[in-house]
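Below are the chains, spelled out letter by letter.
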Amino acid sequence: MIIHKEYALRRFCEVPLKHALSKGLLEKICAHPALLTKLVFVRTRDFLSNTMVVSQAGTSEIGFELQLGSDSEHLTLVNGDLHRERQKTREIPIQDPLKAWDILQDFPGILHVQLVFKADTPDWYEEIAVPNEAIPPPAPGVGYGAFVREQVDLILWAITLRGQIDQALQARDEKSFKESVQLYKEVCHSCFWRL
């Protein structure tokens, strides 16, 4: 696997890089097998800790950045409202490859590396880049459209259950009323919008 990582870094450096000193850093990494073993190539570094991004010239991405630390995000539902809570424990990003080299020589963990290409991502990079585990893969049929369909179904079910509750009250059917109210509460809890 070390040979593949070294090959990837050397191939990446065949075209000009956005930050001129990035090539020297990548060559130094190639010369240190112990550091090469710590690299994990990813397609995107979003939500990962200990990341480095290096871009080829002509891309819109930052030229070079080393970001050490962790970043987590939690979504919670409070009184029907979605709240986003972010927790960061990151050091200041390093955008100088020379400073990054000083830090990486003693770096003990795994470094997630994203290489950004000017043109399409080459096959050789796709072979070694792993999917970002922090981002779940899209499930078939799941997306905004599926979410909206599910929510509409829940709303229609809630409307039906309200009708059943009213009928149970008029008929003074306690058993049917309790069952319908319990289902209605579960549907309301599952629904994104407040009913």
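Our structure's up above, just so we're on the same page.
Below: a short report on this structure. (Residues numbered from 1 in each chain as written. Predicted model: local features only at pLDDT ≥ 70, side-chain atom pairs only at ≥ 80, totals over all residues. Heavy atoms only, no water.)

A word on the side chain of Lys-5
In this structure, Lys-5 sits in helix α1 (residues 2-12). Of the polar contacts made by the side chain of Lys-5, one reaches the backbone oxygen of Thr-37; its length is 3.4 Å. Every residue in contact with Lys-5, bar those within four places of it in the chain, is listed here: Leu-36, Thr-37, Leu-39 and Phe-41. (Helix = DSSP H or I, 4+ residues; strand = E, 2+ residues; numbered from the N terminus. Polar contact = N/O pair within 3.5 Å; in protein donor to acceptor, adjacent residues only side chain to side chain. Contact = heavy atoms within 4.5 Å.)

Considering the sheet that holds strand β2 (residues 51-55)
Here we have four strands laid out as an open sheet, ordered β1-β6-β2-β3, and mixed in their pairing. Looking at which strands have only one partner, the edges of the open sheet turn out to be β1 (39-41) and β3 (64-67). In this sheet, adjacent strand axes meet at a mean angle of 20° when their direction is disregarded. Taken together, the four bridges between β2 and β3 define a ladder with antiparallel strand orientation. When the sheet's bridge partners are listed, Val-53 is paired in β3 with Glu-65. Running at roughly 125° to β2, helix α2 (residues 22-30) makes contact with β1, β2 and β3 of the sheet. On the sheet, helix α4 (residues 97-104) packs against β2, β3 and β6 (111-116) and is oriented at approximately 30° with respect to β3. (Pairing = 2+ DSSP bridges. Axes fitted to C-alpha atoms, helices over the stretch in contact; angles between N-to-C directions.)

Remember, this is a structural readout, not a statement about activity or role.
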